[in-house]
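Chain by chain, the residues:
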Amino acid sequence: MIVAFSVSPAGGDDDGGVSEAVARAVRVVRESGLPNETNAMFTNIEGEWDEVMAVVKRAVEAAGEGSPRVSLVLKADIRPGHEGQLAAKVQRVEEQLGDS
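Residues numbered from 1 in each chain as written. Predicted model: local features only at pLDDT ≥ 70, side-chain atom pairs only at ≥ 80, totals over all residues. Heavy atoms only, no water.

From N to C terminus, the chain includes three helices and four strands. Its helices and strands in sequence order give the chain the pattern β-α-β-β-α-β-α, from N to C terminus. Judged by the C-alpha coordinates and their principal axes, the chain covers about 50 × 30 × 20 Å. Relative to its 100 residues, the chain shows a buried fraction of 30%. Taking contacts inside the chain between residues at least 6 apart in sequence as the whole, the part at least 24 apart equals 68%. Split by element, the accessible area of the chain, about 6700 Å² in all, is 51% carbon and sulfur. (Helix = DSSP H or I, 4+ residues; strand = E, 2+ residues; numbered from the N terminus. Buried < 20%, exposed > 50% of the residue type's maximum accessible area, 1.4 Å probe, protein only. Contact = heavy atoms within 4.5 Å. Areas by Shrake-Rupley, 256 points an atom, 1.4 Å probe, with all protein chains shown as cover.)

Structure follows, in structure tokens:
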């Protein structure tokens, strides 16, 4: 499965930024060893259901340190028997774009 998630604590710094909290969450994901990537809006992670959800839970906890409330947005592509889709899905679209 691939999960795209975004996590943010309530509040933030003086400018409303949450980059410090998000960095804590991303660090958890990267240290998990699962395939992942982070962009401006989401962090994507690929693996088996239980391992991915465990990492998301730890990331939410890390982002929420010191905050009374955390917001989580999560989208999942559950496709049993398929691995390596984090890059393969993008590659298939790029191939289509190259054909036009």
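Moving on, there is more to tell.
The next thing to look at is the environment of serine 71. Mapped onto the elements, serine 71 comes out in strand β4 (residues 70–77). The sequence separation of serine 71 and valine 55 amounts to 16 residues, and the corresponding C-alpha distance is 16 Å. Those residues in contact with serine 71 that lie beyond four places of it in its chain are Ser6, Val7 and Ser8.

In this structure, Val3, Phe5, Ile45 and Val52 are the most contacted members of the largest nonpolar core, which totals 17 residues. Going through the elements one at a time, β1 (2–9), α1 (19–31) and α2 (49–63) are the ones with two or more residues in this core. The element contributing the most residues to this core is α2, with seven residues. Sequence-distant contacts of valine 3, that is, excluding residues within four places in its chain, are made with Thr43, Asn44, Ile45, Val52, Met53, Val56, Leu74, Lys75 and Ala76. (Core = buried A, V, L, I, M, F, W, Y, C linked by side-chain atoms within 4.5 Å.)

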